[in-house]
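Structural overview for review
Take a look at the letters that make up each chain.
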Amino acid sequence: MSLDRPDRFRRRYLEAETGTLVKTGHCPLEVGLVALSPYETAMSSLGGQTVYRLFNELEGARCERLVRFDRPRSGAIWVSLESGRAAAEFPVLAFSISYEQEMLELVRFLQENRITPRSADRGEGDPLLLAGGPVVSSNPEPVAPFLDVCGIGDAEILVPSLAANWLAAYGAGWTRRLLLETLAGQEGFYVPGLYRLDGVSGSYPVLPRPAGQAVPVRVGRATADVGRSPAFSVIVSRLAHFRDMHLVEVARGCRWNCRFCLVCRINRPYRPAETGRVIELIEAAPAAAGAIGLVGANLCDHPELARIAAAVAASGRRLGTSSLRVGSVDRELLTVLKRCRVESLTLAPETASAELLARIGKSYRQEELFETVRLAAEAGFRGLKLYYMIGLPGETAKHRRELVEQVRLLAGTTGNRLRLKISVNPFIPKPQTAWQDESMLRPGEIKRLLRELRKGIRQDAPGVQLQHDPPAEAVSQAALSLGDRSFAQPLEMAAAGAGHLLDCLGRSGIDLEPVLYSRKKPAAEHPWSVLESGFSR
Ligand code: SF4
(Lines give C-alpha, C1' and ligand atoms only; values in the text may rest on other atoms or scores of the structure.)
Protein backbone atom coordinates (compact mmCIF):
# COMPACT_ATOMS: atom_id res chain seq x y z
CA MET A 1 0.00 0.00 0.00
CA SER A 2 1.38 3.41 -0.92
CA LEU A 3 1.62 5.55 2.20
CA ASP A 4 1.84 8.92 0.46
CA ARG A 5 -1.44 10.17 1.94
CA PRO A 6 -2.37 10.47 5.62
CA ASP A 7 -5.58 8.42 5.22
CA ARG A 8 -3.68 5.50 3.64
CA PHE A 9 -0.97 5.80 6.25
CA ARG A 10 -3.52 5.69 9.08
CA ARG A 11 -5.47 2.84 7.52
CA ARG A 12 -2.35 0.67 7.38
CA TYR A 13 -1.96 0.88 11.17
CA LEU A 14 -5.64 0.83 12.10
CA GLU A 15 -6.26 -2.31 10.02
CA ALA A 16 -3.37 -4.04 11.79
CA GLU A 17 -4.69 -3.50 15.31
CA THR A 18 -7.60 -4.30 17.58
CA GLY A 19 -8.64 -2.35 20.67
CA THR A 20 -8.51 1.14 19.10
CA LEU A 21 -10.46 3.46 21.40
CA VAL A 22 -12.70 5.78 19.42
CA LYS A 23 -14.71 7.86 21.84
CA THR A 24 -17.63 9.81 20.40
CA GLY A 25 -19.60 12.75 21.83
CA HIS A 26 -18.46 16.05 23.28
CA CYS A 27 -15.26 15.83 25.29
CA PRO A 28 -13.77 19.20 26.26
CA LEU A 29 -10.43 17.61 27.16
CA GLU A 30 -8.86 16.40 23.92
CA VAL A 31 -5.44 14.85 24.49
CA GLY A 32 -3.03 14.10 21.67
CA LEU A 33 -0.67 11.37 22.91
CA VAL A 34 2.46 11.87 20.83
CA ALA A 35 4.43 8.80 19.76
CA LEU A 36 8.07 9.96 19.95
CA SER A 37 9.23 6.62 18.61
CA PRO A 38 7.88 4.84 15.52
CA TYR A 39 4.43 3.22 15.83
CA GLU A 40 5.99 -0.24 16.12
CA THR A 41 7.92 0.78 19.26
CA ALA A 42 5.23 3.03 20.73
CA MET A 43 2.60 0.28 20.60
CA SER A 44 4.96 -2.02 22.48
CA SER A 45 5.17 0.40 25.40
CA LEU A 46 2.90 -0.47 28.30
CA GLY A 47 3.42 3.03 29.73
CA GLY A 48 2.08 4.76 26.61
CA GLN A 49 -0.81 2.32 26.28
CA THR A 50 -1.73 2.93 29.93
CA VAL A 51 -1.89 6.71 29.47
CA TYR A 52 -4.09 6.20 26.39
CA ARG A 53 -6.46 3.91 28.30
CA LEU A 54 -6.60 6.03 31.45
CA PHE A 55 -7.52 9.27 29.65
CA ASN A 56 -10.19 7.50 27.60
CA GLU A 57 -11.73 5.98 30.75
CA LEU A 58 -12.47 9.47 32.10
CA GLU A 59 -15.69 11.32 31.49
CA GLY A 60 -15.12 14.50 29.49
CA ALA A 61 -11.76 13.35 28.14
CA ARG A 62 -10.69 11.79 24.84
CA CYS A 63 -7.18 10.66 23.96
CA GLU A 64 -5.91 9.99 20.43
CA ARG A 65 -2.48 8.80 19.30
CA LEU A 66 -0.36 11.13 17.20
CA VAL A 67 2.06 9.29 14.93
CA ARG A 68 4.75 10.75 12.69
CA PHE A 69 3.80 10.83 9.00
CA ASP A 70 6.60 11.61 6.55
CA ARG A 71 5.06 13.53 3.68
CA PRO A 72 6.83 12.83 0.40
CA ARG A 73 7.59 16.46 -0.48
CA SER A 74 6.76 18.69 2.49
CA GLY A 75 8.39 17.11 5.53
CA ALA A 76 6.94 15.31 8.52
CA ILE A 77 3.80 16.01 10.50
CA TRP A 78 2.13 14.02 13.24
CA VAL A 79 -1.47 12.92 12.60
CA SER A 80 -4.01 11.33 14.89
CA LEU A 81 -4.54 7.68 14.04
CA GLU A 82 -8.08 7.83 15.42
CA SER A 83 -9.38 10.97 13.68
CA GLY A 84 -6.72 12.16 11.25
CA ARG A 85 -6.48 15.52 13.02
CA ALA A 86 -3.22 17.43 13.24
CA ALA A 87 -1.27 17.88 16.49
CA ALA A 88 -2.02 21.60 16.78
CA GLU A 89 -5.76 20.84 17.08
CA PHE A 90 -5.36 19.27 20.55
CA PRO A 91 -5.53 21.50 23.66
CA VAL A 92 -3.31 19.05 25.55
CA LEU A 93 -0.31 17.23 24.09
CA ALA A 94 1.05 14.37 26.20
CA PHE A 95 4.41 12.61 25.90
CA SER A 96 5.49 9.40 27.56
CA ILE A 97 9.31 9.52 27.48
CA SER A 98 10.95 6.14 27.96
CA TYR A 99 14.37 6.73 26.38
CA GLU A 100 16.68 9.74 26.62
CA GLN A 101 16.87 10.02 22.81
CA GLU A 102 13.14 10.75 22.78
CA MET A 103 13.95 14.16 24.30
CA LEU A 104 15.42 15.13 20.94
CA GLU A 105 12.34 13.75 19.18
CA LEU A 106 10.13 15.90 21.41
CA VAL A 107 11.87 19.07 20.23
CA ARG A 108 11.73 17.84 16.62
CA PHE A 109 8.00 17.23 17.04
CA LEU A 110 7.46 20.84 18.19
CA GLN A 111 9.45 22.23 15.27
CA GLU A 112 7.83 20.06 12.62
CA ASN A 113 4.31 20.79 13.85
CA ARG A 114 4.97 24.52 14.25
CA ILE A 115 4.12 24.55 17.94
CA THR A 116 5.75 27.39 19.87
CA PRO A 117 8.62 25.45 21.43
CA ARG A 118 9.38 27.24 24.70
CA SER A 119 6.69 27.13 27.39
CA ALA A 120 7.53 30.72 28.40
CA ASP A 121 6.43 31.89 24.93
CA ARG A 122 3.15 29.97 24.87
CA GLY A 123 -0.04 31.59 26.11
CA GLU A 124 -3.81 31.20 26.33
CA GLY A 125 -5.03 29.22 23.34
CA ASP A 126 -1.75 27.32 22.91
CA PRO A 127 -1.66 23.61 23.74
CA LEU A 128 -0.60 22.53 27.20
CA LEU A 129 2.43 20.22 27.01
CA LEU A 130 2.54 17.43 29.56
CA ALA A 131 5.23 14.74 29.84
CA GLY A 132 5.76 11.70 32.04
CA GLY A 133 7.55 8.37 31.94
CA PRO A 134 10.84 7.06 33.33
CA VAL A 135 13.07 9.74 31.80
CA VAL A 136 10.88 12.55 33.13
CA SER A 137 10.65 10.99 36.58
CA SER A 138 14.45 10.76 36.77
CA ASN A 139 15.57 14.10 35.28
CA PRO A 140 13.36 16.22 33.02
CA GLU A 141 15.67 19.27 33.06
CA PRO A 142 17.11 19.10 29.48
CA VAL A 143 13.55 19.43 28.10
CA ALA A 144 12.06 21.40 31.01
CA PRO A 145 12.02 24.71 29.03
CA PHE A 146 9.69 23.08 26.46
CA LEU A 147 7.22 21.53 28.88
CA ASP A 148 4.37 23.08 30.85
CA VAL A 149 3.89 20.18 33.25
CA CYS A 150 6.00 17.14 34.16
CA GLY A 151 4.21 14.19 35.73
CA ILE A 152 6.46 12.54 38.30
CA GLY A 153 5.46 9.01 39.25
CA ASP A 154 2.56 6.77 38.30
CA ALA A 155 0.08 7.57 35.52
CA GLU A 156 -2.78 5.97 37.49
CA ILE A 157 -2.64 8.97 39.87
CA LEU A 158 -1.39 11.67 37.50
CA VAL A 159 -3.81 11.22 34.59
CA PRO A 160 -7.10 11.54 36.58
CA SER A 161 -5.65 14.39 38.63
CA LEU A 162 -4.47 16.31 35.56
CA ALA A 163 -7.83 15.77 33.86
CA ALA A 164 -9.85 16.89 36.91
CA ASN A 165 -7.80 20.08 37.20
CA TRP A 166 -7.93 20.82 33.48
CA LEU A 167 -11.73 20.29 33.35
CA ALA A 168 -12.18 22.51 36.43
CA ALA A 169 -10.09 25.20 34.77
CA TYR A 170 -12.08 24.83 31.54
CA GLY A 171 -15.44 25.02 33.39
CA ALA A 172 -14.50 28.03 35.52
CA GLY A 173 -12.50 29.88 32.88
CA TRP A 174 -9.22 29.85 34.80
CA THR A 175 -6.18 31.38 33.20
CA ARG A 176 -3.39 29.11 32.05
CA ARG A 177 -1.24 30.50 34.85
CA LEU A 178 -3.84 29.61 37.53
CA LEU A 179 -4.10 26.05 36.19
CA LEU A 180 -0.31 25.65 36.30
CA GLU A 181 -0.06 27.10 39.82
CA THR A 182 -2.83 24.80 41.03
CA LEU A 183 -1.10 21.74 39.54
CA ALA A 184 2.25 22.78 41.04
CA GLY A 185 0.73 22.51 44.51
CA GLN A 186 -0.29 18.88 43.98
CA GLU A 187 1.78 15.77 44.47
CA GLY A 188 3.48 14.49 41.36
CA PHE A 189 3.33 17.68 39.27
CA TYR A 190 6.47 19.64 38.49
CA VAL A 191 5.81 22.88 36.61
CA PRO A 192 9.24 23.98 35.33
CA GLY A 193 8.09 27.49 34.39
CA LEU A 194 7.44 28.27 38.07
CA TYR A 195 11.10 27.75 38.96
CA ARG A 196 13.88 30.25 38.37
CA LEU A 197 17.38 29.15 37.48
CA ASP A 198 20.11 29.57 39.97
CA GLY A 199 23.86 29.34 40.41
CA VAL A 200 26.31 26.57 40.07
CA SER A 201 26.64 23.46 42.20
CA GLY A 202 29.84 21.50 41.59
CA SER A 203 29.68 20.16 38.06
CA TYR A 204 26.17 21.40 37.28
CA PRO A 205 25.68 24.97 36.06
CA VAL A 206 21.90 25.36 36.21
CA LEU A 207 19.69 24.45 39.15
CA PRO A 208 15.96 25.13 39.44
CA ARG A 209 14.61 26.93 42.54
CA PRO A 210 10.98 27.84 43.32
CA ALA A 211 10.09 31.26 41.98
CA GLY A 212 7.18 31.77 44.37
CA GLN A 213 6.14 30.84 47.88
CA ALA A 214 3.38 28.43 46.85
CA VAL A 215 5.78 26.42 44.66
CA PRO A 216 7.33 23.39 46.39
CA VAL A 217 11.11 23.19 46.79
CA ARG A 218 10.84 19.41 46.20
CA VAL A 219 8.20 17.72 44.10
CA GLY A 220 6.80 14.52 45.63
CA ARG A 221 6.26 11.39 43.57
CA ALA A 222 2.75 10.07 42.83
CA THR A 223 2.63 6.39 43.82
CA ALA A 224 -0.27 4.14 42.83
CA ASP A 225 -1.55 0.94 44.43
CA VAL A 226 -0.53 -1.42 41.66
CA GLY A 227 -1.44 -4.60 43.57
CA ARG A 228 -5.14 -4.59 42.63
CA SER A 229 -4.75 -2.51 39.49
CA PRO A 230 -1.77 -3.61 37.43
CA ALA A 231 -1.38 -1.95 34.04
CA PHE A 232 -2.46 -3.75 30.87
CA SER A 233 -2.53 -2.86 27.19
CA VAL A 234 -5.68 -2.18 25.19
CA ILE A 235 -4.27 -2.33 21.67
CA VAL A 236 -2.91 -5.47 20.09
CA SER A 237 -1.16 -4.91 16.79
CA ARG A 238 0.47 -7.21 14.30
CA LEU A 239 2.81 -4.33 13.36
CA ALA A 240 4.08 -3.72 16.91
CA HIS A 241 7.57 -4.95 17.80
CA PHE A 242 5.78 -7.15 20.33
CA ARG A 243 3.65 -8.56 17.56
CA ASP A 244 0.07 -9.54 18.52
CA MET A 245 1.01 -9.28 22.19
CA HIS A 246 -1.28 -8.39 25.07
CA LEU A 247 0.82 -6.79 27.85
CA VAL A 248 0.07 -7.37 31.53
CA GLU A 249 2.06 -5.87 34.40
CA VAL A 250 3.25 -8.36 36.99
CA ALA A 251 5.05 -5.93 39.29
CA ARG A 252 6.21 -2.34 39.44
CA GLY A 253 9.62 -1.44 40.82
CA CYS A 254 12.23 -3.88 42.01
CA ARG A 255 13.01 -5.16 45.45
CA TRP A 256 16.76 -5.19 44.76
CA ASN A 257 18.83 -2.09 44.85
CA CYS A 258 21.65 -2.31 42.34
CA ARG A 259 23.77 0.79 42.59
CA PHE A 260 23.61 1.70 38.89
CA CYS A 261 19.92 1.00 38.36
CA LEU A 262 17.35 3.67 37.65
CA VAL A 263 14.33 1.35 37.53
CA CYS A 264 14.43 0.53 41.22
CA ARG A 265 14.90 4.19 42.17
CA ILE A 266 12.09 5.82 40.26
CA ASN A 267 9.53 3.08 40.85
CA ARG A 268 9.88 2.60 44.58
CA PRO A 269 8.52 0.72 46.44
CA TYR A 270 8.41 -2.77 44.92
CA ARG A 271 4.76 -3.56 44.23
CA PRO A 272 3.89 -7.05 42.99
CA ALA A 273 0.44 -7.34 41.42
CA GLU A 274 -2.12 -9.68 42.96
CA THR A 275 -1.89 -13.03 41.20
CA GLY A 276 -5.67 -13.37 40.82
CA ARG A 277 -5.90 -9.99 39.09
CA VAL A 278 -3.00 -10.79 36.74
CA ILE A 279 -4.66 -14.09 35.80
CA GLU A 280 -7.98 -12.29 35.16
CA LEU A 281 -6.20 -9.92 32.78
CA ILE A 282 -4.52 -12.84 31.00
CA GLU A 283 -7.87 -14.60 30.60
CA ALA A 284 -9.49 -11.37 29.34
CA ALA A 285 -6.90 -10.88 26.57
CA PRO A 286 -8.43 -9.92 23.22
CA ALA A 287 -9.04 -12.79 20.80
CA ALA A 288 -6.48 -11.27 18.42
CA ALA A 289 -3.70 -11.64 20.99
CA GLY A 290 -1.45 -14.54 20.06
CA ALA A 291 0.91 -13.83 22.93
CA ILE A 292 0.91 -12.51 26.47
CA GLY A 293 3.77 -10.24 27.51
CA LEU A 294 4.44 -10.20 31.24
CA VAL A 295 5.95 -6.86 32.22
CA GLY A 296 8.08 -6.17 35.27
CA ALA A 297 11.69 -5.32 36.10
CA ASN A 298 12.38 -8.64 37.72
CA LEU A 299 9.66 -11.17 36.93
CA CYS A 300 11.18 -13.90 39.08
CA ASP A 301 10.62 -11.87 42.23
CA HIS A 302 6.88 -12.28 41.91
CA PRO A 303 6.05 -14.96 44.48
CA GLU A 304 3.70 -16.75 42.08
CA LEU A 305 5.35 -16.31 38.70
CA ALA A 306 5.11 -20.04 37.93
CA ARG A 307 1.32 -19.93 38.57
CA ILE A 308 0.96 -16.85 36.34
CA ALA A 309 3.00 -18.49 33.58
CA ALA A 310 0.83 -21.61 33.94
CA ALA A 311 -2.24 -19.40 33.30
CA VAL A 312 -0.61 -18.20 30.07
CA ALA A 313 0.07 -21.83 29.08
CA ALA A 314 -3.57 -22.71 29.81
CA SER A 315 -4.72 -19.84 27.54
CA GLY A 316 -2.85 -21.51 24.67
CA ARG A 317 -0.87 -18.36 23.94
CA ARG A 318 2.84 -17.75 23.67
CA LEU A 319 4.54 -16.01 26.56
CA GLY A 320 6.80 -12.99 26.18
CA THR A 321 9.09 -12.26 29.10
CA SER A 322 11.67 -9.66 29.88
CA SER A 323 14.96 -10.46 31.56
CA LEU A 324 14.95 -13.09 34.32
CA ARG A 325 17.05 -12.71 37.44
CA VAL A 326 20.08 -14.94 37.79
CA GLY A 327 19.63 -17.05 40.90
CA SER A 328 15.82 -17.08 40.75
CA VAL A 329 15.30 -19.48 37.87
CA ASP A 330 14.54 -23.11 38.69
CA ARG A 331 13.60 -26.22 36.74
CA GLU A 332 9.87 -25.80 37.45
CA LEU A 333 9.80 -22.26 36.03
CA LEU A 334 11.76 -23.30 32.94
CA THR A 335 9.33 -26.16 32.32
CA VAL A 336 6.35 -23.79 32.44
CA LEU A 337 8.13 -21.31 30.17
CA LYS A 338 8.73 -24.09 27.63
CA ARG A 339 5.03 -24.98 27.76
CA CYS A 340 4.34 -21.32 26.85
CA ARG A 341 6.56 -21.71 23.77
CA VAL A 342 9.32 -19.45 25.09
CA GLU A 343 12.39 -20.30 22.99
CA SER A 344 14.98 -17.84 24.29
CA LEU A 345 15.90 -16.50 27.69
CA THR A 346 17.52 -13.24 28.72
CA LEU A 347 19.66 -12.79 31.83
CA ALA A 348 21.67 -9.81 33.04
CA PRO A 349 24.82 -11.00 34.82
CA GLU A 350 26.19 -7.38 34.38
CA THR A 351 29.78 -8.47 35.17
CA ALA A 352 31.77 -11.67 35.49
CA SER A 353 33.69 -10.42 38.51
CA ALA A 354 32.51 -11.45 41.98
CA GLU A 355 34.25 -8.37 43.33
CA LEU A 356 32.35 -6.00 41.02
CA LEU A 357 29.09 -7.86 41.60
CA ALA A 358 29.45 -7.14 45.31
CA ARG A 359 30.22 -3.50 44.53
CA ILE A 360 27.12 -3.21 42.32
CA GLY A 361 25.02 -4.74 45.06
CA LYS A 362 23.77 -7.53 42.80
CA SER A 363 23.45 -10.54 45.02
CA TYR A 364 23.76 -13.79 43.14
CA ARG A 365 26.53 -16.36 43.17
CA GLN A 366 28.52 -17.17 40.03
CA GLU A 367 27.59 -20.85 40.39
CA GLU A 368 23.92 -19.86 40.09
CA LEU A 369 24.55 -18.36 36.67
CA PHE A 370 26.19 -21.59 35.45
CA GLU A 371 23.38 -23.65 36.98
CA THR A 372 20.70 -21.52 35.25
CA VAL A 373 22.47 -21.82 31.90
CA ARG A 374 22.88 -25.58 32.33
CA LEU A 375 19.19 -26.01 33.20
CA ALA A 376 18.15 -23.84 30.24
CA ALA A 377 20.23 -25.96 27.84
CA GLU A 378 18.80 -29.18 29.32
CA ALA A 379 15.23 -27.85 29.10
CA GLY A 380 15.68 -27.34 25.34
CA PHE A 381 15.80 -23.53 25.08
CA ARG A 382 17.36 -22.48 21.82
CA GLY A 383 18.81 -19.08 22.66
CA LEU A 384 20.24 -17.21 25.59
CA LYS A 385 21.12 -13.52 25.70
CA LEU A 386 23.35 -12.18 28.44
CA TYR A 387 23.73 -8.47 29.28
CA TYR A 388 27.08 -7.21 30.55
CA MET A 389 28.49 -3.76 31.25
CA ILE A 390 32.01 -2.38 30.86
CA GLY A 391 33.45 0.69 32.55
CA LEU A 392 31.88 -0.05 35.93
CA PRO A 393 33.40 1.95 38.78
CA GLY A 394 36.52 0.14 39.95
CA GLU A 395 36.76 -2.06 36.84
CA THR A 396 40.21 -3.06 35.58
CA ALA A 397 41.60 -5.15 32.71
CA LYS A 398 41.53 -8.17 35.05
CA HIS A 399 37.74 -7.90 35.37
CA ARG A 400 37.32 -7.78 31.60
CA ARG A 401 39.51 -10.85 31.20
CA GLU A 402 37.19 -12.56 33.68
CA LEU A 403 34.29 -11.65 31.38
CA VAL A 404 35.90 -13.38 28.39
CA GLU A 405 36.70 -16.39 30.57
CA GLN A 406 33.14 -16.57 31.88
CA VAL A 407 31.71 -16.46 28.35
CA ARG A 408 34.13 -19.22 27.32
CA LEU A 409 33.05 -21.42 30.22
CA LEU A 410 29.35 -20.72 29.62
CA ALA A 411 29.71 -21.62 25.95
CA GLY A 412 31.34 -24.88 27.11
CA THR A 413 28.44 -25.52 29.49
CA THR A 414 25.83 -25.20 26.77
CA GLY A 415 27.74 -27.03 24.04
CA ASN A 416 25.92 -26.52 20.78
CA ARG A 417 22.51 -26.82 22.39
CA LEU A 418 22.00 -23.12 23.11
CA ARG A 419 22.81 -20.15 20.84
CA LEU A 420 24.63 -17.69 23.09
CA LYS A 421 24.62 -13.93 22.48
CA ILE A 422 26.17 -11.35 24.72
CA SER A 423 25.29 -7.68 24.74
CA VAL A 424 27.99 -5.43 26.16
CA ASN A 425 27.40 -1.74 26.78
CA PRO A 426 29.16 0.91 28.81
CA PHE A 427 28.11 1.86 32.30
CA ILE A 428 26.18 5.15 32.25
CA PRO A 429 25.76 7.09 35.49
CA LYS A 430 22.06 7.75 35.91
CA PRO A 431 20.37 10.43 37.99
CA GLN A 432 18.97 9.45 41.35
CA THR A 433 21.04 6.27 41.54
CA ALA A 434 23.77 5.55 44.07
CA TRP A 435 26.31 5.92 41.23
CA GLN A 436 25.00 9.21 39.82
CA ASP A 437 28.33 10.96 40.59
CA GLU A 438 30.56 8.30 39.00
CA SER A 439 32.27 8.79 35.63
CA MET A 440 31.84 6.85 32.40
CA LEU A 441 34.23 5.76 29.67
CA ARG A 442 35.10 8.12 26.82
CA PRO A 443 33.94 7.02 23.33
CA GLY A 444 37.53 6.13 22.29
CA GLU A 445 37.96 3.92 25.38
CA ILE A 446 34.60 2.24 24.76
CA LYS A 447 35.68 1.38 21.21
CA ARG A 448 39.06 0.10 22.36
CA LEU A 449 37.62 -2.11 25.10
CA LEU A 450 34.95 -3.48 22.80
CA ARG A 451 37.65 -4.35 20.24
CA GLU A 452 39.62 -6.21 22.91
CA LEU A 453 36.54 -8.09 24.07
CA ARG A 454 35.58 -9.02 20.52
CA LYS A 455 39.07 -10.36 19.90
CA GLY A 456 39.05 -12.36 23.16
CA ILE A 457 35.65 -13.85 22.48
CA ARG A 458 36.53 -14.72 18.89
CA GLN A 459 39.56 -16.61 20.17
CA ASP A 460 38.10 -18.27 23.27
CA ALA A 461 34.38 -18.62 22.50
CA PRO A 462 34.10 -18.46 18.71
CA GLY A 463 30.41 -19.39 18.46
CA VAL A 464 29.26 -16.57 20.71
CA GLN A 465 27.82 -13.43 19.12
CA LEU A 466 28.76 -10.05 20.63
CA GLN A 467 26.38 -7.09 20.28
CA HIS A 468 26.69 -3.47 21.41
CA ASP A 469 25.19 -0.05 20.72
CA PRO A 470 27.26 2.63 18.92
CA PRO A 471 29.54 4.31 21.53
CA ALA A 472 28.38 7.83 20.50
CA GLU A 473 24.80 6.84 21.35
CA ALA A 474 25.87 5.83 24.86
CA VAL A 475 27.52 9.22 25.32
CA SER A 476 24.44 11.11 24.03
CA GLN A 477 22.27 9.05 26.33
CA ALA A 478 24.49 9.87 29.29
CA ALA A 479 24.60 13.58 28.45
CA LEU A 480 20.82 13.80 28.20
CA SER A 481 20.40 11.71 31.29
CA LEU A 482 22.57 14.04 33.42
CA GLY A 483 21.83 17.30 31.58
CA ASP A 484 20.29 20.53 32.75
CA ARG A 485 18.30 23.37 31.16
CA SER A 486 21.34 24.69 29.29
CA PHE A 487 20.74 21.73 26.92
CA ALA A 488 17.60 23.34 25.47
CA GLN A 489 19.36 25.37 22.79
CA PRO A 490 21.63 22.53 21.53
CA LEU A 491 18.58 20.27 21.46
CA GLU A 492 16.86 22.83 19.23
CA MET A 493 19.91 23.00 16.97
CA ALA A 494 20.19 19.21 16.68
CA ALA A 495 16.44 18.84 16.07
CA ALA A 496 16.67 21.42 13.28
CA GLY A 497 19.38 19.36 11.55
CA ALA A 498 22.42 21.45 12.59
CA GLY A 499 24.43 18.31 13.46
CA HIS A 500 24.72 15.48 15.96
CA LEU A 501 23.59 16.43 19.47
CA LEU A 502 27.14 16.02 20.83
CA ASP A 503 28.46 18.51 18.24
CA CYS A 504 25.65 20.94 19.04
CA LEU A 505 26.43 20.68 22.76
CA GLY A 506 30.09 21.45 22.01
CA ARG A 507 29.23 24.39 19.73
CA SER A 508 27.00 25.79 22.50
CA GLY A 509 29.96 25.84 24.87
CA ILE A 510 28.73 22.93 27.02
CA ASP A 511 31.68 21.02 28.41
CA LEU A 512 30.74 17.39 29.08
CA GLU A 513 34.08 16.68 30.77
CA PRO A 514 33.09 17.49 34.38
CA VAL A 515 29.70 15.79 34.18
CA LEU A 516 30.47 12.62 32.21
CA TYR A 517 34.15 11.81 32.41
CA SER A 518 35.25 12.97 35.86
CA ARG A 519 34.25 11.35 39.09
CA LYS A 520 32.30 14.13 40.75
CA LYS A 521 32.38 15.05 44.39
CA PRO A 522 28.98 13.97 45.65
CA ALA A 523 27.16 17.16 44.73
CA ALA A 524 24.99 18.66 47.42
CA GLU A 525 22.52 19.32 44.67
CA HIS A 526 21.90 18.12 41.15
CA PRO A 527 19.61 19.56 38.47
CA TRP A 528 17.12 16.83 39.37
CA SER A 529 17.24 17.59 43.10
CA VAL A 530 13.95 19.39 42.59
CA LEU A 531 12.38 15.92 42.47
CA GLU A 532 12.03 14.15 45.79
CA SER A 533 13.94 10.92 45.38
CA GLY A 534 14.05 9.52 48.89
CA PHE A 535 17.56 8.65 47.80
CA SER A 536 20.12 7.61 50.36
CA ARG A 537 23.49 6.08 49.60
S1 SF4 B 1 19.36 -4.09 37.88
FE2 SF4 B 1 17.60 -5.48 37.90
S3 SF4 B 1 17.76 -6.53 39.89
FE4 SF4 B 1 19.04 -4.71 40.03
S5 SF4 B 1 17.70 -3.15 40.92
FE6 SF4 B 1 17.60 -2.93 38.68
S7 SF4 B 1 15.83 -4.10 38.04
FE8 SF4 B 1 16.38 -4.76 40.13
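Along each chain, the written sequence defines residue order, and numbers are assigned to residues from 1. Restriction of local features to residues with pLDDT of at least 70 applies here, the model being predicted, together with a cutoff of 80 or more for giving and counting side-chain atom pairs; totals for whole chains, interfaces and linings are based on all residues.

Locating Glu-280 in the fold gives a position in helix H9 (residues 275-283). To sort residues by burial, count the other C-beta atoms lying within 10 Å of each one's C-beta; a count of 20 or more means buried, 12 or fewer means exposed, and anything in between means partly exposed. C-beta atoms are built from the backbone. In this structure Glu-280 comes out as partly exposed when scored by C-beta crowding, with 14 C-beta atoms within 10 Å. Each C-alpha atom of the pair Glu-280 and Ala-222 lies 26 Å from the other, and the pair is 58 residues apart in sequence. Only DSSP runs of H or I covering at least 4 residues are called helices, and only runs of E covering at least 2 are called strands; the numbering of each starts at the N terminus.

Here, a strand pair is defined by DSSP locating no fewer than two bridges between the strands. As paired elements, strand E3 (residues 61-71) and strand E4 (residues 75-80) share 6 bridges and run antiparallel to each other. Bridge pairing in E4 links Leu-66 to Ser-80. A loop of 3 residues connects E3 with E4, the two strands running antiparallel in sequence.

The next point concerns the domain arrangement of the chain. Source of the domain bounds: an automatic or database domain assignment. Annotation of the chain at the domain level lists domain 1 (6-210), domain 2 (225-342) and domain 3 (343-482). Domain 2 and domain 3 are separated by 24 Å when their C-alpha centres are compared. Taken residue by residue, the interface counts 20 residues in domain 2 and 24 residues in domain 3. Elements with a contribution of two residues or more to the side of domain 2 that touches domain 3: helix H8 (263-266) and helix H11 (331-339). It is H11 that provides the largest number of residues to the side of domain 2 that touches domain 3, a total of 4 residues. Gly is put with the polar residues, along with every residue not named as nonpolar or charged; the nonpolar set is Ala, Val, Leu, Ile, Met, Phe, Trp, Tyr, Cys and Pro, and the charged set is Asp, Glu, Lys and Arg. For the side of domain 2 that touches domain 3, a count of residues per class yields 10 nonpolar, 5 polar and 5 charged. Once C-beta atoms have been placed from the backbone, residue pairs whose C-beta atoms lie within 7 Å are recorded as contacts.

This part covers the sheet that holds strand E12 (residues 245-249). Spatial ordering of the open sheet is given by E12-E15-E16, a layout of 3 strands whose pairing is parallel. At either end of the open sheet lies a strand with only one pairing partner, and these are E12 and strand E16 (318-321). Averaged over neighbouring strand pairs, the angle between their axes works out to 25° when direction is ignored. With 5 bridges connecting them, E12 and strand E15 (residues 291-295) associate as parallel partners. Following the sheet pairing, Leu-247 is matched in E15 by Gly-293. Geometry is summarised by axes, namely lines fitted to C-alpha atoms with helices restricted to the contacting stretch, and by angles between N-to-C directions that run from 0 to 180 degrees.

The next thing to look at is the site of the ligand. Only the C-beta atom matters for this test: placed from the backbone, it must lie within 6 Å of a molecule or strand for the residue to be near it. Near the ligand the following residues occur: Cys-254, Trp-256, Asn-257, Cys-258, Cys-261, Val-263, Cys-264, Ala-297, Asn-298, Arg-325 and Lys-362. Of the residues contributing to the shell around the ligand, the split by class is 7 nonpolar, 2 polar and 2 charged.

What follows is about helix H13 (residues 366-379). Multiplying 1.5 Å by the residue count of a helix minus one yields the expected span of that helix. Its 14 residues place the ends of H13 20 Å apart at the C-alpha level, agreeing with the 20 Å of an ideal helix rising 1.5 Å per residue. Along H13, the residues that are buried comprise Leu-369, Thr-372, Val-373 and Ala-376. Within H13, the buried residues cover an arc of 95° as seen down the axis, which keeps them to one side. Buried residues in H13 make contact with H11, strand E17 (344-350), strand E18 (383-390) and helix H14 (397-414). It is the directions from the helix axis to the C-beta atoms whose arc is reported.

On to unusual backbone geometry, then. Along the chain, Arg-268 connects to Pro-269 via a cis peptide bond; the corresponding omega equals -15°. With respect to the helices, strands and loops of the structure, Pro-269 is situated in the loop between H8 and strand E14 (271-272). Positive phi, normally seen in glycine, also occurs at Arg-341, with a value near 65°. Turning to its location among the elements, Arg-341 is positioned in the loop between H11 and E17. Judged by the 13 C-beta atoms lying within 10 Å of it, Arg-341 is partly exposed. You will see that Glu-350, though not glycine, has its phi angle at about 70°, which is positive. Structurally, Glu-350 is set in strand E17.

In this section: the pairing of E12. Counting buried residues in E12 gives 5 out of 5 residues, a clear majority hidden from the surface. Side chains Met-245, Leu-247 and Glu-249 of E12 all project onto a buried face; the interleaved residues His-246 and Val-248 project onto the opposite face, where all are buried too.

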